[in-house]
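Per-entry structural report
If you want the building blocks of each chain, they are given just below.
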Amino acid sequence: MIKGTAYQFGDNIDTDQIIPAMYLTTTDPKELAKHCMEIADADFPKKAKAGDILVAGRNFGCGSSREHAPLSIKGLDLGLVIAESFARIFFRNCINIGMPILECPEAAKEIQSGDKLEVDLDQGVIKNLTKGKTYQAQAFPPFMQELIKAGGLMPYVKKRLGSGMTI
Amino acid sequence: MGYTAMQKILAAHTGKKSVEPGEFILAKVDLAMANDVTAPLAIKALERHGITKLWNKDRIAIVFSHFVPAKDILSAAQAAVAREFAQKYDLSLFFDEGRGGIEHSLLPELGLVVPGEVVIGADSHSCTYGGLGLFSTGVGSTDVAAVMATGEVWLKVPETMRFNYRGKLDPWVTGKDLILYTIGQITFEGALYRNMEFTGPALMQLSMEARLTLTNMVVEAGGKSGFIEADKVTEAYLKGRAKRPYTIYKTDPDAKFYANYDWDLTGMEPQVAQPNLPDKVAGVSTIKGAKVHSAFLGSCTNGRIEDLRIAAQILKGRKVAKGLRFMVIPATQNIYRQALKEGLIDIFMEAEAVVSAATCGPCLGGHMGVLGPNEVCISSSNRNFPGRMGHRDSKVYLANPAVVTASAITGYVCHPEEVLGKGKTLAAA
Ligand code: SF4
């Protein structure tokens, strides 16, 4: 169960806004976290606490393929990202590195910054404690659930390699 | 019922007779690519999971593109990680500083991506290669690490949107204008998760380079991949270049599409994307007069020899506007050398432009001409999100090389005819 405060950012937040390219000279999540979302909200890295929840509109994470973007969010120890929709590569990256995300247009539209949320990731249930509303997020396709269960892409790959399957 | 070329390519790489949109597949990869920024994270992922055997040392390309040459101590240290990895595993396709250039211009130029293949790149503009009639898409570092280990990638088979371009193109209209127009029409999430197949007589008369500009910006419409069927132009381009045998796939007449667009582009003027979204597109005449502080000709979108030739023809005997700086950066070292031989570099320097070795440089606000607060740039690159080329309050217009160059001369967004005179056109570039 994840409990935290929501931070709402609108539509079309691209990876340059999540982590500007000038900071791509490191792969350390903690270093990247210091600049997470700073283009959209300069104080965000300081305000956000572990477990807090990033909420966004459509096409979150569009733009470059930099895995540094979800890593910077992970580095801040945020609980998860809820969005109306995610850009394709960002979505893959989150699943691959084990950064929890949920796609839920209704919740993403109605949650406001400062709302207290409680999220059951396994069930995909988002509770807005401030507004007293509950939402059901979309379920992941079975293949992705398998990846998530394995703990991300690399553990899944190791399993495949270890199983002696010819690659 | 027929299949799209993309379905056929993906089926061939999955060992199935056919695949359907929405289906999850594990596809065999022909080439994997990472750059100086994405490779270090992939290497970390491999090391963390104790993977020490790579799939194929001759099919994993590492191309130093972004912070090239190293812009500071951190990027030098990061480059060293990728360099050591390439040496340790004896990667035959490692392109260090000075040996290559921007990944998406380099791989086609060297014939390292050919029709019918599946290419996976740890960079979002890996969709570029689809212009050669293959499947290619951008992924993150962990994804490419998995390909490096196994030679396979998991994919959801995309639906295909088909775009048919007809009509007589204005002499100033290029591949860049076709794709900007398209993104403006369908919005920058209009092709989310989908394959964009481009066709039609107005497109197929364009050069290979112009086609690659088109597929380069598929991701700016949210697309997963772009596709242009290989034809005579493609085969002429591949002649003497292609490093592997290839197969040409065609879409069946009765294939199913998610959507079909058919546009007559007769009379369309050059297109410009306005700050801060690549789908805020309008004809150049409606934006004319917007002041710019800087202009950039380069990037994986429009930094090829054809683009430099256009710019040089317009710049010849003229100067860059006072107070404005014009960065001209050939996309690869080979293009740079060719431009030197043709005397283009001389024209740029005479006009007081800044010329540098191949690098992404200012395209991602990395180095070589980063924008300060409130500065405005007109760029031949592909993205104009807030802060893309520098300060969060800087702004970027995206346009074709001729519009960028003309604007560098006047100091404001303008049509090339404003510099050359009405009705004037260029000799074929
Ligand atoms: S030129 Fe720009 S868009 Fe192309 S690979 Fe480099 S940073 Fe990315």
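Residues numbered from 1 in each chain as written. Chains lettered and ligands numbered in written order. Predicted model: local features only at pLDDT ≥ 70, side-chain atom pairs only at ≥ 80, totals over all residues. Heavy atoms only, no water.

**Structural notes on the overall build of chain B**
Along chain B, the regular secondary structure elements total 16 helices and 18 strands. For chain B, whose C-alpha radius of gyration is 21 Å, the value lies close to the compact-globule estimate of 22 Å for 429 residues. Along the longest, intermediate and shortest principal axes, the C-alpha atoms of chain B span 55 × 55 × 40 Å. For chain B, the residues scored as buried account for 65% of the 429 residues in total. (Helix = DSSP H or I, 4+ residues; strand = E, 2+ residues; numbered from the N terminus. Rg over C-alpha atoms; globule rule 2.2 N^0.38 Å. Buried < 20%, exposed > 50% of the residue type's maximum accessible area, 1.4 Å probe, protein only.)

**Re the overall build of chain A**
The helix and strand tally for chain A stands at 8 helices and 7 strands. In terms of C-alpha radius of gyration, chain A reaches 16 Å, essentially the compact-globule figure of 15 Å for 167 residues. The principal-axis extents of the C-alpha atoms in chain A amount to approximately 50 × 40 × 25 Å. Nonlocal contacts in chain A, meaning residues at least 24 apart in sequence, comprise 63% of its contacts between residues at least 6 apart. Charge-centre separation for chain A: the mean point of 20 positive side chains lies 4 Å from the mean point of 20 negative side chains. (Contact = heavy atoms within 4.5 Å. Lys, Arg positive; Asp, Glu negative; His and termini not counted. Charge placed at Lys NZ, Arg CZ, Asp CG, Glu CD.)

**Digging into the pattern of salt bridges**
All told, the structure shown has 30 salt bridges over all chains when counted by the stated rule. Glu-189 of chain B is the salt-bridge partner of Arg-58 of chain A, the closest N and O atoms lying 2.6 Å from each other. Of this pair, Arg-58 of chain A sits in the loop between β2 (53-56) and α4 (68-75) while Glu-189 of chain B sits in the loop between α6 (175-186) and β9 (195-199), which puts the two residues in different chains. With a relative accessible area of 35%, Arg-58 of chain A lands in the partly exposed category. In this structure, the salt-bridge partner of Arg-325 of chain B is Glu-375 of chain B, at a minimum N-O distance of 2.7 Å. (Salt bridge = Lys/Arg side-chain N within 4 Å of Asp/Glu carboxyl O.)

**With respect to the site of the ligand**
Residues and elements named next belong to chain B. Inspection of the region around the ligand gives 13 residues, with Glu-103, His-125, Cys-300, Cys-360 and Cys-363 positioned closest. Elements with a contribution of two residues or more to the shell around the ligand: α4 (103-109) and α11 (299-302). Classifying every residue of the shell around the ligand gives 5 nonpolar, 5 polar and 3 charged. (Near = heavy atom within 4 Å. Nonpolar A, V, L, I, M, F, W, Y, C, P; charged D, E, K, R; others polar.)

**Notes on the interface of chain B and chain A**
At the interface, 51 residues of chain B touch 48 residues of chain A. Together, the buried faces of chain B and chain A total about 4,200 Å²; carbon and sulfur atoms form 62% of this surface. Counting across the chain B and chain A interface gives 4 salt bridges. The closest approach of N and O atoms between Arg-160 of chain A and Glu-152 of chain B, which form a salt bridge, is 2.8 Å. Taken together, the links from chain B to chain A amount to 20 residue pairs in polar contact (both at pLDDT 80 or more). Per-element tally for the side of chain B that touches chain A: the top contributor is helix α5 (residues 141-150) of chain B, with 7 residues. Considering only residue class, the side of chain B that touches chain A consists of 26 nonpolar, 14 polar and 11 charged. (Buried area = accessible area lost by both parts, 1.4 Å probe. Polar contact = N/O pair within 3.5 Å; in protein donor to acceptor, adjacent residues only side chain to side chain.)

**Observations regarding the confidence of the model for chain A**
Of all residues in chain A, 97% attain a pLDDT of 70 or more, and the chain-wide mean is 92. Between the elements of chain A, mean pLDDT differs from a low of 85, seen in helix α7 (residues 142-150) of chain A, to a high of 98, seen in β2 of chain A. (pLDDT = per-residue confidence, 0-100.)

**Concerning the packing of α4 of chain A against helix α5 (residues 88-97) of chain A**
Residue and element names in this part refer to chain A. Two numbers describe how α4 lies on α5: the axes approach to 9 Å, and their chain directions differ by 50°. As summarised for this structure, α4 and α5 are arranged oblique, according to the angle between their axes. You can see that α4 and α5 cross each other, and the crossing is right-handed. Residues Ala-69, Pro-70, Leu-71, Ile-73 and Lys-74 of α4 touch α5, and the partners they reach there are Phe-90, Asn-93, Cys-94 and Ile-97. Here the contact of α4 with α5 is built from residues that sort into 7 nonpolar, 1 polar and 1 charged. (Axes fitted to C-alpha atoms, helices over the stretch in contact; angles between N-to-C directions. Parallel < 35°, antiparallel > 145°, perpendicular 65-115°, else oblique. Left-handed = near helix turned anticlockwise from the far one by under 90°.)

**Comments concerning the confidence of the model for chain B**
Of all residues in chain B, 100% attain a pLDDT of 70 or more, and the chain-wide mean is 97. Two numbers describe this predicted complex: its pTM, 0.95, and its ipTM, 0.90.

**Regarding the sheet that holds strand β4 (residues 93-95) of chain B**
Residue and element names in this part refer to chain B. Spatial ordering of the open sheet is given by β4-β3-β2-β5-β6, a layout of 5 strands whose pairing is parallel. Because the sheet does not close on itself, it has two edges, and the strands there are β4 and β6 (135-138). Sheet twist, expressed as the mean angle between neighbouring strand axes with direction ignored, is 15°. (Pairing = 2+ DSSP bridges.)

**As for the packing of aromatic side chains**
Summed over the entire model, instances satisfying the criterion amount to 21 aromatic pairs over all chains. Taken together, a centroid distance of 5.2 Å and an interplanar angle of 85° make the contact between Tyr-7 of chain A and Phe-44 of chain A edge-to-face. Separated by 37 residues along the polypeptide, Tyr-7 of chain A in strand β1 (residues 2-9) and Phe-44 of chain A in helix α3 (residues 44-47) bring together distant segments of the chain. Both residues of the pair, Tyr-7 of chain A and Phe-44 of chain A, belong to the buried class. Considering the side-chain rings of Phe-188 of chain B and Phe-385 of chain B, the 5.9 Å spacing of their centres and the 55° angle between planes classify their relative orientation as tilted. Taken as a pair, Phe-188 of chain B in the loop between α6 and β9 and Phe-385 of chain B in the loop between β17 (376-379) and β18 (395-398) lie far apart in primary sequence, 197 residues in all. In this structure an aromatic cluster arises from ring pairing among Phe-163, Tyr-165, Tyr-181, Phe-198, Tyr-261 and Trp-263 of chain B. Over the aromatic face of Phe-67 of chain B sits the side chain of Lys-71 of chain B, whose NZ or CZ is 5.0 Å from the ring centroid. Looking at Arg-194 of chain B, its charged tip hangs above the ring of Tyr-258 of chain B, at a distance of 3.7 Å from the centre. (Phe/Tyr/Trp six-rings, centres within 6.5 Å; stacked < 30°, edge-to-face > 60°. Lys NZ or Arg CZ within 6 Å of the ring centre and 35° of its normal.)

**Let's talk about the nonpolar core**
With 153 residues, the main nonpolar core has Phe-44, Phe-60, Ile-73 and Ile-126 of chain A together with Phe-326 and Phe-348 of chain B as its most contacted residues. With near-sequence residues (within four places) excluded, Ile-73 of chain A lies in contact with Ile-18, Cys-36, Leu-54, Phe-60, Leu-78, Val-81, Phe-90 and Met-99 of chain A. Among the nonpolar cores identified, the runner-up in size contains 43 residues, and Ile-179, Val-218, Ile-228 and Leu-371 of chain B belong to it. (Core = buried A, V, L, I, M, F, W, Y, C linked by side-chain atoms within 4.5 Å.)

**Remarks on the environment of Ser-381 of chain B**
All names here are of chain B. In this fold, Ser-381 is placed in the loop between β17 and β18. Judged by its relative accessible area of 0%, Ser-381 falls in the buried class. With 110 residues separating them in the primary sequence, Ser-381 and Gln-271 have C-alpha atoms 13 Å apart. Not counting chain neighbours up to four residues away, the residues in contact with Ser-381 comprise Lys-176, Phe-296, Gly-298, Ser-299, Thr-301, Cys-363 and Leu-398. Only 2.6 Å separates the side chain of Ser-381 from the side chain of Ser-379, close enough to count as a polar contact.

**Here we look at the state of the cysteines**
Throughout the structure, instances matching the rule amount to 0 disulfides over all chains. In this structure Cys-62 of chain A is a free cysteine whose sulfur lies 13 Å from that of Cys-94 of chain A, the closest cysteine sulfur available. Judged by its relative accessible area of 5%, Cys-62 of chain A is buried. Take Cys-377 of chain B: it sits in no disulfide, and the sulfur closest to it among the cysteines is that of Cys-363 of chain B, at 9.9 Å. (Disulfide = S-S within 2.5 Å.)

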